[in-house]
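Architecture at a glance
Spelled out from the first residue to the last, the chains are:
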Amino acid sequence: MSQQGYVATPPYSQSQPGIGLSPPNYGHYGDPSHAAPPPGMMKPAGPLGAAAPGGMMPQGPPPPGPHQFGQNGAHAQGHPPQRFPGPPPAHSAAPSYAPYSPSTQSSYPSPVSTSSVTQLGSQLNAMHVNSYGPGMAPPSQGPPGPLSAPSFQGPPRPPQPSVLQPGSQVLPPPPTALNGPGASPLPPSTHRQDGLPGPAPPNAQYQPPPLPGQNLGAGYPPQQANYGPQMAGAQLSYPGGFPGGPAQMAGPPQPQKKLDPDSIPSPIQVIENDRATRGGQVYATNTRGQVPPLVTTDCVIQDQGNASPRYIRCTTYCFPCTSDMAKQAQIPLAAVIKPFATIPSNETPLYLVNHGENGPVRCNRCKAYMCPFMQFIEGGRRYQCGFCNCVNDVPPFYFQHLDHIGRRLDHYEKPELSLGSYEYVATLDYCRKNKPPSAPAFVFMIDVSYSNIKNGLVKLICEELKTVLEKLPKEEQEETSAIRVGFITYNKVLHFFNVKSNLAQPQMMVVTDVSEVFVPLLDGFLVNYQESQSVIHNLLDQIPDMFADSNENETVFAPVIQAGMEALKAADCPGKLFIFHSSLPTAEAPGKLKNRDDKKLINTDKEKVLFQPQTNVYDSLARDCVAHGCCVTLFLFPSQYVDVASLGLVPLLTGGTLYKYNNFQMHLDSQQFLNDLRNDIEKKIGFDAIMRVRTSTGFRATDFFGGIFMNNTTDIEMAAIDCDKAVTVEFKHDDKLGEDSGALIQCAVLYTTVGGQRRLRIHNLSLNCSSQLADLYKSCETDALVNFFAKSAFKAVLHQPLKVIREILVNQTAHMLACYRKNCASPSAASQLILPDSMKVLPVYMNCLLKNCVLLSRPEISTDERAYQRQLVMTMGVADSQLFFYPQLLPIHTLDVKSTALPTAIRCSESRLSEEGVFLLANGLNMFLWLGVSSPPELIQGIFNVPSFAHVNTDMIPPIYSCIF
Amino acid sequence: MATYLEFIQQNEERDGVRFSWNVWPSSRLEATRMVVPLACLLTPLRERPDLPPVQYEPVLCSRPTCKAILNPLCQVDYRAKLWACNFCFQRNQFPPAYTGISEVNQPAELMPQFSTIEYVIQRGPQSPLIFLYVVDTCLEEDDLQALKESLQMSLSLLPPDALVGLITFGRMVQVHELSCEGISKSFVFRGTKDLTAKQIQDMLGLTTPAMPMQQARPQEHPFVSSRFLQPIQKIDMNLTDLLGELQRDPWPVTQGKRPLRSTGVALSIAVGLLEGTFPNTGARIMLFTGGPPTQGPGMVVGDELKVPIRSWHDIEKDNARFMKKATKHYEMLANRAATNGHCIDIYACALDQTGLLEMKCCANLTGGHMVMGDSFNTSLFKQTFQRIFSKDFNGNFRMAFGATLEVKTSRELKIAGAVGPCVSLNVKGPCVSENELGVGGTSQWKICGLDPTSTLGIYFEVVNQHNAPIPQGGRGAIQFVTQYQHSSTQRRIRVTTVARNWADAQSHLRHIEAAFDQEAAAVLMARLGVFRAESEEGPDVLRWLDRQLIRLCQKFGQYNKEDPTSFRLSDSFSLYPQFMFHLRRSPFLQVFNNSPDESSYYRHHFARQDLTQSLIMIQPILYSYSFHGPPEPVLLDSSSILADRILLMDTFFQIVIYLGETIAQWRKAGYQDMPEYENFKHLLQAPLDDAQEILQARFPMPRYINTEHGGSQARFLLSKVNPSQTHNNLYTWGQILL
């Protein structure tokens, strides 16, 4: 999704009055016909349930069942509440495909309408709105039946388009019976799409004003407070019932049939299938444009000329040849690059190439680095650059003869000729000021204001530092770490510590001039931990006592970063600041913030302000930090609003990480915090990095998302980049691409290692090009697409109203699918949703994205949490974003304690929870344990060591955020 | 009747006062014709072992504009228990405590021998002495080490309840908190940023919120208010360790650069710190610096070594970039310190200049010491520094703080001004003249740091009109009231009341002439000259001095026109021209061959030493030791340099022992080691002993030079003597000088 997409009025957002499919018409919420509370709705906790009470729901009403699907009126007709899961026996056939054949048919006299895009858009809308425009399809307007038939009779190209009907893959029901309105006993509107995993439950309870009879209110309010960040509720985007809804609703008889949730393509199924077919195998990267296994699939990757998908994943592995084609499909062309991704021990680590003083071999024109895409010619004396086609002389030291197939004799001896990823030792030309870099330094900066001292946090940190400093990252071959460490504490003023090894006791230097902060000492601030160990321990022992009587509540923040940055600058080394902070910086200093958390802005055009930093101090500070290779990692312990949007900006832009522990409580949260701290200190990281993405002719990188800073349009600057950070790069055509030459991408990262060496890390990837849309769709990767959509949408949040962003997301998704339907799928009923195989779960995932609290305005979700998640997602790799947006839901009660294997995940829907079960929900950020009210006592005994559900003490485990997908 | 010489001496002994004229011309017109103004040198705290302070408070004249203190010159009506003020003639009742007073039962202040008397004020809190060390860390390693040792040594000399503080500076300025256990803590300031007093106090956390302040006030316990100034007994060990661990400034100094030295900010913080914590309490800021300030406010020279520090030449050419701004900065600091009664010492030890020219006002205006040396690792510095903490016969430090000097005169006189280590308190009154000499326009001055030798020149103006003659036997009176904080932390008031006879200059010129104190006059005129030289061009001052001398000779000399040989001056004037001659040649008025820093240093000491020392400075003393007789003073003239003499010259700043040619040869031959020439050994030893005696007593320690004929250091002697014999008239000495 390009940026301009957000600027322009989304073309698809306009309603088409005649059709009545446009979103505004989905107004069934206010429908009086729902007045009677469905029996199944009993459980107020229902949709919230999973979420709210923290998974424990001790006293809560019985776990949600099924019921929410019934509310749309099913019971109004007297049908018994339907218990999902499990297809309603009576309608076994119908629901299977009913969902997608609803009203559209009626509105389109001709089966394959040119407005299929619109139609799909609205279908998608409907999915998350959870109501398919009731009454828009009066039975009388029944579409011609036959048209729907083809789509059910097997897709023309079996693997490719999977007709989105759960049952269809197995056996398509007779079309005629179901599609024809006349034939069907149910009017189209009854084909509820509630079954989609996410939306259904919220739908039930979020109807803005609960109707008097709906009896929903009682149970909900208390739980709403607990609503966690991820609580979804896309419906909210359409506040207030839509006028047309009720009236239309009244007309058609309320069907009891709803979309069978199982009929939706299951991400779990897709993941499992991929695991089954490709898991555990060796995936060799020797073929251009091959689609790698899913991120969730565990396999061994062998570099044979293209970068491992652990480093680079693309939204599609086959680029359209022309920009027209790209526009037509609207599939974003992007790569998610995680240059420092962790490689499992059974895969080969990167080779290091050292050309000595000659430095890396590079194309003279485009400066691309030597790689497998360079074609050697003229007996090896020259080579043609695969990127710009320039013919270069081979430098004498690099000359080698060619073999009979025109390949260099040393092809397999030189990593840069045969591998997709490798590293170069950089020469002085690649260093700042042409001087070899110094080893990086870590500076620990601890907020010692009153609250942090009081709750023991300072003591905890100081204790932990003593052990964790033993594990500073080091070069593989080195004995000890070259990283130096320094310490600063601060409240309203800054305290630097001199911990030089020859001192008997540490020295504290107080800098009170926070308006123009400076480094008071050079020698003795950054020290080798091993040498100064005793002084450092002495200091860490003293810090908690030193400030024990301090009553200082106010803190500064920008000067703290400034101080750390100046210290690194003075020591002329890159480094990382670890800041442990807990409050809104209100003391008089640059970067002072005020509490501006204004719930009134929610759902207005000004909502974006909440995501923007309060002052531009932090922006320029980040710029300085990046310029000096200073990465900032922030551990936040807020007890109230701290303006994450402002505080988190520097960590985001400098490639650091923001960790947030709301209402930190020592006994509950310290473990999580300490683990995060240890991991963050120990993880693999490169400093002072510049990344450049080069492409072959015909396209180029145009847009970049991630924890990066860009001074110009091509150089991606990062103060540091670690193994968890990914950069998403969007490409655009600027010419035609040839099917023969394909599309080549070379990502080069120049960085300083933890040992202070300057290196270049090169990742190469070759993609196919095709002029067939079908090829394009075949090679797409949904997980990467979602990553891209999430980042681009979250970036746009800063500039555009959320409503517009949501619409664009919906419309672009619809457009992509419609384009497929129109151009690649064989004709089928307009009501039929047809999905390419590679995008089978895209609608589900997009729905999850739309329900993320960043894009969803809900007053009970704190502004800080939204800002936090927004920034978090910006640096995520594909695997992280996949898990984040579609969390794993593990039925723990089925766990075989004797085996190490985890139970198979189930679809992440509230309806999948059962009262008898215990479920673990994990999104990579939080974990929730959900206990069914009648979960087996032996299980509870085993987990909590208490006799029954009622005895479980929620204080024993961390508070839980609600989370439903 | 005793001679005037004896009278003068006696007065000096008793009151510490020497007047240029001891009989005063009775009208303004005549007074101006006397050329040398009516003035006096006052040593307010002259040591008086025989003067026990009285333990009660002085009795003041009740007229609000007068408030003169009861003194022996007052007329007392014992029966009515009344006394008449001799300045304003107000009749005052004695206070109740004086009811037992009678002719035979007089309080001390009425007895003539107590024309100088000291009162001890019992009221009010006793404030501790405060010493704030401000230490430059941009020193060579051995210099720093020596300085650290000196500082540690000084701690043992301080009284146990004295408060001490430590500020170190280099590129940054560190204010050390002294009472920390387990960790040494300091507040750090950027050396380039000028901070206001308020900012400094905020940053040091001295401005506590209103509540605690109010709580602290009733306690009236100044000790609690600052972490940075702690009683020495409490933090002796800490501070000794801290000083011991003091490192050289760690910031790298690249080749061709001077170290960055933030003297200006450091001083500013020191002043601000004391200002915020102990205003109006005696305190000493002791600045130890080893080079010129090179950054921030008060910088004197840039850090590029290739740009040398300003010279007199640059100053004349208006080429000294930083001088004006720096001077302004230090003047501002000096004035703030003076307002609060804090004095600033400067101990500058470096081979090159250290910016004393710019910083001089800090010491000059606050009565602080200025010491200039080559290195902290010399005995010159070490002993000088040690001498600051010397004690008097009562075991008290020879230093006093926060003094105000008030001068009251009888109606015929007005106060024109003062020259000395003081600042004006701007107290106007009926006895303040409109004509200013020195620091004028006031009848009160503040002297923040005083020692028993500190001497001020105070200038008066006779305002009596010519046609309003003073009755026969009328006397003019002057009262000096010095309130100060004694080093024993008591507040004390010393009152000196003096009176002199009036005489009609037309009829009694001879009286006046005979009562001329040429030594005092020379010093007083020299002070005026030096005072002028600070602000005016050198040649103008010299011309002014010349004119004054000529006019004086015109007035008091006896001569026949057109006959130079007939010129005679009476005994009481005979030495005066000679003083003026040497004054013209002295470094106080001549800048040639002196750096601006040296000039400032010399002038600083000249403006505060007592009469004897000042005369030595004007005209160095030359003693001759030979076999021809006992040691004798000889003329400061090249004709005094003889082959068979040993000369000892004392210029105050230097002590030079010079062996004549023959003596030097004898010594080389080793005669002094031969038993039969023991007398030669004694001869060699005599000047050494005398020099030691001078060295013992003098502050600051003079440079001690032991040289001989033809030695390179003989230049110190040759540059001082009157070159009556040069290569132009070399009939006997030419070959020697060649």
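Bear in mind that the values here come from a model prediction, so they are computed numbers and not experimental data. Once a new chain begins, its residue numbering starts again from 1 and follows that chain's sequence as written. The naming scheme follows written order: chains are lettered A onward, ligands numbered 1 onward. Predicted model: local features are reported for residues with pLDDT of at least 70 only, side-chain atom pairs are reported and counted for 80 or more only, and whole-chain, interface and lining totals are derived from all residues. To get the side-chain values, take all heavy atoms of the structure and skip hydrogens and water.

1. Overview of the overall build of chain B
- Counting from the N terminus, the helices are DSSP H or I runs at least four residues long and the strands are E runs at least two residues long. A count of helical and extended segments in chain B gives 21 helices and 29 strands.
- On C-alpha atoms alone, chain B measures out to a radius of gyration of 27 Å, which is about the 27 Å that the 2.2 N^0.38 rule sets for 738 residues.
- In terms of overall dimensions, chain B has C-alpha extents of about 80 × 80 × 55 Å along its principal axes.
- When a residue's accessible area, from a 1.4 Å probe over protein chains only, is under 20% of the maximum for its type it is buried; when over 50% it is exposed; and in between it is partly exposed. Going through the 738 residues of chain B one by one, you find that 58% of them count as buried.
- Once local pairs closer than 6 in sequence are excluded, the contacts in chain B between residues at least 24 apart make up 73%.
- Working definition of accessibility: Shrake-Rupley area with a 1.4 Å probe, residue cover restricted to the visible protein chains. Carbon and sulfur atoms make up 52% of the accessible area of chain B, which amounts to about 31500 Å² in all.
- Neither His nor the chain termini are counted; the positive set is Lys and Arg, and the negative set is Asp and Glu. A charged residue contributes its charge at one atom only: NZ of Lys, CZ of Arg, CG of Asp or CD of Glu. Distance from the positive charge centre (70 side chains) to the negative charge centre (73 side chains) of chain B: 7 Å. Note on method: radius of gyration uses C-alpha positions; expected globular size equals 2.2 Å times residues raised to 0.38. Here, two residues are considered to be in contact whenever any of their heavy atoms come within 4.5 Å of each other.

2. Remarks on the UniProt feature "domain: Sec23/Sec24 beta-sandwich" (unreviewed entry) in chain A
- UniProt positions are given in the numbering used here, feature names are shortened, and annotations may be inferred rather than shown by experiment. Summarizing the sequence annotation, UniProt attributes the feature "domain: Sec23/Sec24 beta-sandwich" (unreviewed entry) to residues 686-770 of chain A in the numbering used throughout.
- Taken as a whole, residues 686-770 of chain A contains 0% helix and 66% strand, while its terminal C-alpha atoms sit 37 Å from one another.

3. So, the interface of chain A and chain B
- Facing 25 residues of chain A, the contacting portion of chain B comprises 18 residues.
- Surface buried jointly by chain A and chain B totals about 1900 Å² across both partners, of which 55% is contributed by carbon and sulfur atoms.
- The term buried area denotes the loss of accessible surface (1.4 Å probe radius) that occurs when two parts are joined, taken as the sum for both partners. On the chain A side of the interface with chain B, the three residues burying the most area are V510(A), T512(A) and F518(A), jointly 27% of the side's total.
- For this analysis, a salt bridge means a side-chain nitrogen from Lys or Arg found within 4 Å of a carboxyl oxygen belonging to Asp or Glu. Across the contact surface, chain A and chain B share 3 salt bridges.
- The partner of E516(A) in a salt bridge is K193(B), and the shortest N-O contact between them spans 3.2 Å.
- We define a polar contact as two N or O atoms separated by no more than 3.5 Å, with the added condition that, inside protein, one atom must be a possible hydrogen donor and the other a possible acceptor, whereas residues neighbouring each other in sequence contribute only through side-chain atom pairs. Along the contact surface separating chain A from chain B lie 11 residue pairs in polar contact (both at pLDDT 80 or more).
- Elements represented by at least two residues in the side of chain A that touches chain B include exactly strand 15 (507-511) and helix 16 (533-546) of chain A.
- Tallying contributions element by element places strand 15 of chain A first for the side of chain A that touches chain B, with 5 residues.
- Counted by class, the side of chain A that touches chain B contains 17 nonpolar, 5 polar and 3 charged residues.
- Pairing between two strands requires that DSSP report at least two bridges joining them. Pairing between strand 15 of chain A and strand 11 (residues 184-190) of chain B: 5 bridges, direction parallel. The residue classification treats Ala, Val, Leu, Ile, Met, Phe, Trp, Tyr, Cys and Pro as nonpolar and Asp, Glu, Lys and Arg as charged. All others, Gly included, are polar.

4. Some thoughts on the pattern of salt bridges
- Counted under the stated rule, the structure contains 66 salt bridges over all chains.
- Residue E516(A) is joined to R190(B) by a salt bridge in which the shortest nitrogen-to-oxygen separation is 3.9 Å. Taken together, the residues span two chains, with E516(A) in the loop between strand 15 and strand 16 (527-528) and R190(B) in strand 11.
- Here R667(B) and E708(B) are joined by a salt bridge, their closest N and O atoms 3.1 Å apart. Placement of the pair is R667(B) in helix 18 (residues 661-669) and E708(B) in strand 29 (residues 703-708), with a sequence separation of 41 residues.
- What you see here is one network of salt bridges that share partners, running through K576(A), D680(A), K683(A), D722(A), D724(A) and K725(A).

5. Some points on the pairing of strand 13 (residues 283-289) of chain B
Residues and elements named next belong to chain B.
- Burial analysis of strand 13 places 7 of its 7 residues in the buried class, the great majority of the element.
- By the alternation rule, side chains of strand 13 split into A283, I285, L287 and T289 and R284, M286 and F288, which are all buried.
- Here strand 8 (residues 130-136) runs beside strand 13; their pairing, made up of 6 bridges, is parallel. Residue pairing for strand 13: I130 is matched across the bridge by A283.

6. Looking at the packing of helix 23 (residues 782-796) of chain A against helix 26 (residues 863-874) of chain A
All names here are of chain A.
- Where helix 23 contacts helix 26, the two axes come as close as 9 Å, and the packing angle between them is 135°. Between helix 23 and helix 26, the interaxial angle falls into the category oblique. Crossing geometry of helix 23 relative to helix 26 is assigned as left-handed. Contact residues: helix 23 offers A790, K791, F794 and K795, while helix 26 offers Q869, R870, V873 and M874.
- When the residues that make up the contact of helix 23 with helix 26 are grouped by side-chain class, the tally is 4 nonpolar, 1 polar and 3 charged. For helices, the fitted line uses only the C-alpha atoms of the stretch in contact; every axis is such a line through C-alpha atoms, and the angle between N-to-C directions lies from 0 to 180 degrees. We call two directions roughly parallel when the angle between them is under 35 degrees, roughly antiparallel when it is over 145, roughly perpendicular when it lies between 65 and 115, and oblique otherwise. Should the near helix be turned anticlockwise from the far one by less than a right angle, the crossing is termed left-handed; should it be turned clockwise, right-handed.

7. A closer look at the UniProt feature "domain: Sec23/Sec24 trunk" (unreviewed entry) in chain A
- Here, the residues flagged by UniProt with the feature "domain: Sec23/Sec24 trunk" (unreviewed entry) are residues 437-680 of chain A.
- Its end C-alpha atoms 23 Å apart, residues 437-680 of chain A is made of 33% helix and 18% strand.

8. Observations regarding the packing of aromatic side chains
- Any two rings among Phe, Tyr and Trp, with Trp reduced to its six-membered ring, count as a pair given centres within 6.5 Å; such a pair is stacked if its planes are under 30 degrees apart, edge-to-face if over 60, and tilted if neither. Summed over all chains, the structure comprises 68 aromatic pairs over all chains.
- Chaining the aromatic ring pairs together yields one cluster made of F131(B), Y133(B), F288(B), Y347(B), F376(B), F381(B), F385(B), F389(B) and F397(B).
- By the criterion adopted, a ring carries a charge over it if an Arg CZ or a Lys NZ lies within 6 Å of its centre and within 35 degrees of its normal. Above the plane of the ring of F340(A) lies R761(A), whose end atom (NZ or CZ) is 4.4 Å from the centre.
- Here R532(B) stacks its cationic end above the ring of W544(B), 4.3 Å away from the centre of that ring.

9. Focus on the domain arrangement of chain B
All names here are of chain B.
- Each assigned domain of chain B is listed here: domain 1 (4-56 + 111-122 + 396-503), domain 2 (130-206 + 225-388), domain 3 (532-614) and domain 4 (620-719).
- Segment limits for the domains were obtained from an automatic or database-derived domain assignment. Look at where the C-alpha atoms of domain 2 and domain 3 centre, and you get two points 36 Å apart.
- Carbon and sulfur atoms make up 56% of the area that domain 2 and domain 3 hide from each other, which totals about 1300 Å².
- Contact with domain 3 buries area across many residues of domain 2, yet W312, M370 and M372 alone supply 50% of it, more than any other trio.
- Taken together, domain 2 and domain 3 are joined by 2 salt bridges.
- The salt bridge involving E534 is made with K360; its shortest N-O contact spans 3.1 Å.
- Counting across the domain 2 and domain 3 interface gives 15 residue pairs in polar contact (both at pLDDT 80 or more).

10. Some points on the nonpolar core
- The biggest cluster of nonpolar side chains holds 307 residues, and the ones touching the most others in it are F487(A), F673(A), F460(B) and F480(B).
- With 10 residues, the single largest contributor to this core is helix 13 (residues 518-535) of chain B.
- Discounting residues that sit within four places of it in the chain, F460(B) has contacts with F19(B), L38(B), A39(B), C40(B), V407(B), T409(B), L413(B), K414(B), I415(B), A416(B), I478(B) and F480(B).
- Working definition of a nonpolar core: buried Ala, Val, Leu, Ile, Met, Phe, Trp, Tyr and Cys residues. They are joined through side-chain atoms within 4.5 Å. Counting 38 residues, the second largest nonpolar core, distinct from the first, contains L129(B), L139(B), L178(B) and F288(B).

11. A look at the side chain of N498(A)
All names here are of chain A.
- Considering the arrangement of structural elements, one finds N498 in strand 14 (residues 494-498).
- Only 3.1 Å separates the side chain of N498 from the backbone nitrogen of K500, close enough to count as a polar contact.
- With residues near it in sequence (within four places) discarded, N498 still touches L503, P506, Q507, L521, D523 and G524.

12. As for the state of the cysteines
Residue and element names in this part refer to chain A.
- The definition used for a disulfide is geometric: two cysteine sulfur atoms within 2.5 Å. Evaluation of the coordinates by the stated rule reveals 0 disulfides over all chains.
- No disulfide involves C388; its sulfur sits 3.4 Å from the nearest other cysteine sulfur, which is in C363.
- Between C573, a free cysteine, and C630, which holds the nearest cysteine sulfur, the sulfur-to-sulfur gap is 9.5 Å.

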